[in-house]
Amino acid sequence: MNHTQSKAAFDEALKVIPGGVDSPVRAFKAVGGYPPFISHGKGGHIYDIDGNAYIDYVQSWGPLIFGHGDPDVEAAVIETVKKGLSFGAPTLLETELAKEVLELYPFMDKLRFVSSGTEAVMSAIRLARGFTGRDDIVKFIGCYHGHSDSLLVQAGSGAATFGSPSSPGVPADLTKHTLLAEYNNLESVKKCFADSKNIACIIIEPIAGNMGLVPADEAFLKGLRELCDAHGALLIFDEVMSGFRAGLNGAMAHTSVVPDMATFGKVIGAGMPVGAFGARAEIMAKLSPEGPVYQAGTLSGNPVAMTAGITSLKKLKAAPELYNELEAKARRLTNGLQLAAKEAGVAIQTDVRGSMFGFFFSATPVKNFADAAKCDGGFFARFHQGMLEEGVYLACSLFEAGFISTATTDEMIDATIAAAEKVLKRIA
Ligand SMILES: *Cc1c(COP(=O)(O)O)cnc(C)c1O
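J.: Can you walk me through the overall build of the protein in this structure?
T.: The secondary structure content of the protein amounts to 14 helices and 16 strands. Its C-alpha atoms give the protein a radius of gyration of 21 Å, within 12% of the compact-globule value 22 Å for 428 residues. Along the three orthogonal principal directions, the C-alpha set of the protein runs to about 60 × 55 × 45 Å. Taken across its 428 residues, the protein has 57% of its residues classed as buried.

Here it is, written out as structure tokens:
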């Protein structure tokens, strides 16, 4: 595979953009080499500026559940663009998308739109603090909730990939209210509540996708609910990644535990910048302008972005059986990876939640970040490089989940498995 153009483009970008990228996870630092520069995507494939095609399991890090260039989303967005890009005034589209989301999450009465997952979680935390009148929050090691100050502690994903679990520039005064607990370990959460009487909320990815794919155990989630109820704290599900991905109503399709608030991003904007957070009316009433907790955004609820979300959610709701098909494809892939690894004598763990899949080259199950961090990063990097050369675009870090889209065909999956067999045999 020839990467001459991408290499030149990356060198050029490095001169004007730190690390050559606008989000660190794109830089391929953990796996080495140059990131392909993308010219376009179609269905299940992306194409780089050297003309190479890749089967895409990143899908813009989750949003594109219908794959690239979905004709319905594209047509609706173009229609809206013609009417104007933004007004900074209410449109019908915001109410429409809010209703589409709320219908899927009955515990929420109201929702507010923002422009990213980071903003959604940051605002939800502020609201939880404002509602409870408390300052502390409980966060899990390895969960990522965006890059806002108080959440950038042991944050998995890009932060873990770059070995900067917390970041310079974040004052200790801002993170001292962030209590850390271990994922799937209820005792560690009990300890937080023993240490602090000032806990506003627990924030969790109910299906973690930022330390690789690591779902929370049902008993663990139940325990969190009980602790929150016993101490008057709010339980927040960060569904920025799992929402409309793990199922039509995200993690709710996999657990009976009901949170107090949820945050959204990624699929809710179908590739456009959208985030949202919601809760029952009593909590949302604290939000400005109804209540005193301030939160705002010039481009929040942007009509073009709302249109992409509405079109995408309506399509998903019209065909809920899609999730069974996506899950079957994800299992076809992980079963194939299991076999390929076995043949090559490589230990592997795999998991699937709806259209999300994950794999770890590990002999033992991965339940938390410490387990994930034990995996051999060098081996993952060789696997990633090998797969890329075979035309398979996987997330460039072992701490990321993978995604199946409706445009990912069985043929693409079988080609991916064949590539994995070849690469694993070579590097094992
Ligand atoms: C991606 C992600 C975020 C941050 O969303 P951005 O749109 O990148 O700001 C927050 N939480 C989770 C669980 C995510 O996966």
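J.: How do you make sense of the domain arrangement of the protein when you look at a structure like this?
T.: Much of the literature gives interface size as the accessible area that the parts lose upon coming together. Under the domain assignment used here, the protein contains domain 1 (4-69 + 321-427) and domain 2 (71-318). Centre-to-centre, using C-alpha coordinates, domain 1 lies 25 Å away from domain 2. For the pairing of domain 1 and domain 2, the buried interface totals around 3,000 Å² over both sides, and the portion due to carbon and sulfur atoms is 66%. We note a salt bridge from Lys-367 to Asp-217, for which the minimum N-O separation is 2.8 Å. At the junction of domain 1 and domain 2, the tally comes to 10 residue pairs in polar contact (both at pLDDT 80 or more).

J.: Just checking my understanding: could you explain the layout of surface pockets for this structure?
T.: Counted as a void, the second largest pocket has a volume near 520 Å³. Together, 27 residues line the second largest pocket, and Glu-94, Leu-111, Arg-112, Phe-113 and Ser-300 are the ones closest to its centre. It is strand 4 (residues 110-114) that contributes the most residues to the lining of the second largest pocket, 4 residues altogether. Taken together, the residues of the lining of the second largest pocket sort by class into 12 nonpolar, 11 polar and 4 charged.

J.: Before we go on, may I ask you to explain the sheet that holds strand 5 (residues 136-140) in this structure?
T.: Neighbouring strands of a sheet are bound in pairs by backbone hydrogen bonds; such pairs are parallel or else antiparallel. Strand order across the open sheet formed by 7 strands is 4-12-11-10-7-5-6, with mixed pairing between neighbours. Each end of this open sheet is capped by a strand with a single partner; those strands are strand 4 and strand 6 (178-181). Averaged over all neighbouring strand pairs, the angle between strand axes comes to 20°, with direction disregarded. Bridge analysis of strand 4 against strand 12 (residues 275-279) gives 5 bridges, and the strand direction is antiparallel. Directly across from Val-114, in strand 12, lies its bridge partner Gly-275. Of the strands in this sheet, strand 4 and strand 11 (261-264) are in contact with helix 3 (residues 92-104), which crosses strand 4 at around 125°.

J.: For this particular structure, what's the right way to read the pattern of salt bridges?
T.: When charged atoms on two side chains of opposite charge get close, those side chains can pair. All chains considered together, the criterion is met by 25 salt bridges. Of the charged contacts in the structure, one is a salt bridge between Lys-15 and Glu-12, with a shortest N-O distance of 3.1 Å. In this pair, Lys-15 and Glu-12 both sit in helix 1 (residues 4-16), 3 residues apart, roughly one turn of the helix. Assessed through its relative accessible area of 63%, Lys-15 is described here as exposed. Take Glu-12: its relative accessible area is 47%, and that puts it in the partly exposed class. Lys-314 is the salt-bridge partner of Glu-100, the closest N and O atoms lying 4.0 Å from each other.

J.: I keep staring at the environment of Arg-134 and nothing clicks. Help me out?
T.: For Arg-134, the location among the structural elements is in the loop between helix 4 (117-132) and strand 5. C-alpha separation for the pair Arg-134 and Gly-69, spaced 65 residues apart in sequence, amounts to 45 Å. Once residues lying within four places of it in the same chain are set aside, the contact partners of Arg-134 are Arg-129, Lys-197, Asn-198, Ile-199, Ala-200, His-231, Gly-232 and Ala-233. Among the polar contacts made by the side chain of Arg-134, one reaches the main-chain carbonyl oxygen of Gly-232 at a distance of 3.5 Å.

J.: Mind showing me how you'd approach the pairing of strand 12 here?
T.: One face of the sheet, then the other: side chains in a regular strand alternate in exactly this way. Along strand 12, 5 of the 5 residues are buried, which leaves the element largely enclosed by surrounding structure. Across the two faces of strand 12 the burial is the same, with Gly-275, Phe-277 and Ala-279 and Ala-276 and Gly-278 all buried. The sheet contact formed by strand 11 and strand 12 spans 4 bridges and is antiparallel. Paired with Ala-262 across the two strands is Gly-278, which belongs to strand 12.

J.: Looking at this structure, I do not really get empty space enclosed by the protein. What am I missing?
T.: Any space left empty among the atoms is revealed by the rolling of a water-sized probe across them. Using the criterion set out here, one finds 4 cavities of 30 Å³ or more in the structure. Along its surface, the largest cavity is lined by Tyr-57, Phe-357, Gly-358, Phe-359, Phe-380, Leu-394, Ala-395, Ser-397, Leu-398, Glu-400, Ala-401 and Gly-402.

J.: What is the right way to look at the site of the ligand in this model?
T.: Neighbouring residues of the ligand: Ser-116, Gly-117, Thr-118, Tyr-144, His-145, Gly-146, Glu-205, Asn-210, Asp-238, Val-240, Met-241 and Lys-266. Contact distances for the ligand include 2.8 Å between an oxygen atom and a backbone N or O atom of Gly-117. The side chain of Thr-118 places a nitrogen or oxygen atom 2.5 Å from an oxygen atom of the ligand. Burial of the ligand by the surrounding chains reaches 83%, relative to a free accessible area of 380 Å². Looking at the shell around the ligand, its residues break down into 3 nonpolar, 6 polar and 3 charged.

J.: Help me understand the packing of helix 3 against helix 10 (residues 303-318), please; the structure alone is not making it clear to me.
T.: Helix packing geometry: the angle between the two helix axes and the distance between the axes. The contact between helix 3 and helix 10 brings their axes to 9 Å, and the two run at 35°. As helix 3 packs across helix 10, the resulting crossing turns out to be left-handed. The residues of helix 10 that touch helix 3, namely those facing Leu-93, Glu-94, Glu-96, Leu-97, Lys-99, Glu-100, Val-101, Glu-103 and Leu-104, are Pro-303, Met-306, Thr-307, Gly-309, Ile-310, Leu-313, Lys-314 and Lys-317. In terms of residue class, the contact of helix 3 with helix 10 is made up of 8 nonpolar, 2 polar and 7 charged.

J.: Can you walk me through the packing of aromatic side chains in this structure?
T.: Within a pair of aromatic rings, the relevant descriptors are the distance that separates the centres and the angle that separates the planes. Considering all chains together, one arrives at 18 aromatic pairs under this definition. In textbook terms, an aromatic cluster arises when at least three aromatic residues are bridged by ring pairs, as seen for Phe-359, Phe-361, Phe-379, Phe-380 and Phe-383. One residue, Lys-315, lies across the ring of Phe-66, its end atom 4.5 Å from the ring centre.

Parameters at a glance
- Residues numbered from 1 in each chain as written.
- Predicted model: local features only at pLDDT ≥ 70, side-chain atom pairs only at ≥ 80, totals over all residues.
- Heavy atoms only, no water.
- Helix = DSSP H or I, 4+ residues; strand = E, 2+ residues; numbered from the N terminus.
- Rg over C-alpha atoms; globule rule 2.2 N^0.38 Å.
- Buried < 20%, exposed > 50% of the residue type's maximum accessible area, 1.4 Å probe, protein only.
- Domains from an automatic or database assignment.
- Buried area = accessible area lost by both parts, 1.4 Å probe.
- Salt bridge = Lys/Arg side-chain N within 4 Å of Asp/Glu carboxyl O.
- Polar contact = N/O pair within 3.5 Å; in protein donor to acceptor, adjacent residues only side chain to side chain.
- 1 Å grid on protein atoms, 1.4 Å probe; cavity = no way out; pocket = protein on both sides within 12 Å on 5 of 7 lines; lining within 4 Å.
- Points joined across faces, edges and corners; volume = space filled by probe spheres on them.
- Nonpolar A, V, L, I, M, F, W, Y, C, P; charged D, E, K, R; others polar.
- Pairing = 2+ DSSP bridges.
- Axes fitted to C-alpha atoms, helices over the stretch in contact; angles between N-to-C directions.
- Contact = heavy atoms within 4.5 Å.
- Near = heavy atom within 4 Å.
- Areas by Shrake-Rupley, 256 points an atom, 1.4 Å probe, with all protein chains shown as cover.
- Left-handed = near helix turned anticlockwise from the far one by under 90°.
- Phe/Tyr/Trp six-rings, centres within 6.5 Å; stacked < 30°, edge-to-face > 60°.
- Lys NZ or Arg CZ within 6 Å of the ring centre and 35° of its normal.

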